[in-house]
Amino acid sequence: MEAIRVKKLSIPVEAAVLQALDEVSGYYALSRPRLVQKLLSEGLHMARLDHAAGLYTRREVTLERAAELAGVCIYEMLAHLRERDVPAQRRAGDIRTDAAAMLIRNGRLDIAARLAE
């Protein structure tokens, strides 16, 4: 098992934000630092999803690549796009490419090769 490297981050925070953190930390039964870690992690997850959705919306990446950039599976990426009312921009080639990439990741090179024909 790989050890997680932790570094400290010092940032200025307004007094009202600290007070709100203390109030919310009680709700979650977390210390202030643990709550900040939780909020940063959740916020970063959403930012990655939004960034990938933007790239997908502008047709700069396929659905498969958007999901990969966001660090989620295609189904979670699709759900995020639906929540944001982003229309599906699927072409037959995109679907084939995404399916082949998933098959390759799952070790099904034989099926991926047939799909590429």
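Relevant structure appears above.
Every residue gets a number counted from 1 within its own chain, in the order that chain's sequence is written. Where totals are concerned, whole chains, interfaces and linings use all residues; where local detail is concerned, this predicted model gives features only for residues with pLDDT of at least 70, and gives and counts side-chain atom pairs only at 80 or more. Only hydrogens and water are removed before side-chain values are computed, so all heavy atoms of the structure are retained for them.

A.B. asks: Where do I start with the packing of helix 3 (residues 63-70) against helix 4 (residues 74-83) in this structure?
C.D. replies: Helix packing for two helices is described by the angle between their axes and how far apart those axes are. An axis is simply a line fitted to the C-alpha atoms; with a helix, the fit covers only the stretch in contact. Between two such axes, the angle follows the N-to-C directions and lies from 0 to 180 degrees. Here a strand is any run of E in DSSP of at least two residues, a helix any run of H or I of at least four, and the numbering for each starts at the N terminus. It is at 9 Å that the axes of helix 3 and helix 4 come closest, and there the two elements cross at 95°. By the angle between their directions, the pair helix 3 and helix 4 is classed as roughly perpendicular. Judged by residue contacts, Leu63, Glu64, Ala66, Ala67 and Ala70 of helix 3 engage Ile74, Met77, Leu78 and Leu81 from helix 4. Any residue outside Ala, Val, Leu, Ile, Met, Phe, Trp, Tyr, Cys, Pro, Asp, Glu, Lys and Arg is labelled polar, Gly included; the first ten of those are nonpolar and the last four are charged. Grouping the amino acids of the contact of helix 3 with helix 4 by side-chain chemistry returns eight nonpolar, no polar and one charged. For classification purposes, angles smaller than 35 degrees are called roughly parallel, those larger than 145 roughly antiparallel, those between 65 and 115 roughly perpendicular, and all remaining angles oblique. The contact criterion used throughout is that any non-hydrogen atoms of two residues lie within 4.5 Å.

A.B. asks: What is the right way to look at the nonpolar core in this model?
C.D. replies: In globular proteins that are soluble, nonpolar side chains generally tend to be buried together. In plain words, nonpolar cores are sets of buried Ala, Val, Leu, Ile, Met, Phe, Trp, Tyr and Cys residues tied together by side-chain atoms within 4.5 Å. A 1.4 Å probe rolled over the protein chains alone gives each residue an accessible area, and that area as a share of the maximum for its type sets the label: buried under 20%, exposed over 50%, partly exposed in between. Tyr56, Leu63, Ala66, Ala70, Val72, Met77 and Leu81 are the most contacted members of the largest nonpolar core, which has 15 residues in total. Residue assignment for this core shows that the elements contributing at least two residues are helix 2 (32-57), helix 3 and helix 4. Among the elements that line this core, the one with the most residues is helix 2, at five residues. In this structure, Met77 is in contact with Leu49, Ala52, Ala53, Leu63, Ala66, Ala67, Ala70 and Val72, ignoring residues within four places of it in sequence.

A.B. asks: Which parts of the structure should I look at to understand the side chain of His80?
C.D. replies: Counting through the fold element by element, His80 comes out in helix 4. On the accessibility criterion, His80 (3% relative accessible area) is buried. Setting aside residues up to four positions removed in sequence, His80 forms contacts with Met46, Leu49, Asp50 and Ala53.

A.B. asks: Before we go on, may I ask you to explain the packing of helix 2 against helix 3 in this structure?
C.D. replies: Packing of helix 2 against helix 3 leaves a shortest axis separation of 8 Å and a crossing angle of 160°. Viewed along their axes, helix 2 and helix 3 adopt a mutual orientation that is roughly antiparallel. Between helix 2 and helix 3 the crossing geometry is right-handed. On helix 3, the residues touching Arg48, Leu49, Ala52, Leu55 and Tyr56 of helix 2 are Leu63, Ala66, Glu68, Leu69 and Ala70. Tallied by class, residues from the contact of helix 2 with helix 3 come to eight nonpolar, no polar and two charged. Two helices cross in a left-handed way if the nearer one is turned anticlockwise from the farther one by less than a right angle. They cross in a right-handed way if the turn is clockwise.

A.B. asks: For this particular structure, what's the right way to read the pattern of salt bridges?
C.D. replies: In a structure, side chains of opposite charge can pair up when their charged atoms sit close to one another. The working definition used for a salt bridge is a side-chain nitrogen of Lys or Arg within 4 Å of a carboxyl oxygen of Asp or Glu. Counting across every chain of the model gives eight salt bridges. Between Glu64 and Arg105 there is a salt bridge, with its nearest N and O atoms 2.2 Å apart. With Glu64 in helix 3 and Arg105 in helix 5 (residues 92-105), the pair connects residues that are 41 residues apart, well separated along the chain. Each of the salt bridges in this network shares a partner with another, and the network as a whole consists of Asp50, Glu83 and Arg84.

A.B. asks: Sorry if this is basic, but what is going on with the packing of aromatic side chains here?
C.D. replies: To describe a pair of aromatic rings, you give the distance between the ring centres and the angle between the ring planes. Two rings belonging to Phe, Tyr or Trp (six-membered ring only in the last case) form a pair when the distance between their centres is within 6.5 Å. Interplanar angles under 30 degrees mark stacking, angles over 60 mark edge-to-face geometry, and anything in between is tilted. Following the criterion strictly, the structure yields one aromatic pair and no others. An angle of 85° between the planes, with centres 5.0 Å apart, marks the rings of Tyr27 and Tyr28 as edge-to-face. Assessed through its relative accessible area of 68%, Tyr27 is described here as exposed. Judged by relative accessible area, which is 40%, Tyr28 ranks as partly exposed.

A.B. asks: Help me understand the environment of Glu68 in this model?
C.D. replies: Within the fold, Glu68 resides in helix 3. Separated by 16 residues in the primary sequence, Glu68 and Ala52 place their C-alpha atoms 8.6 Å from one another.

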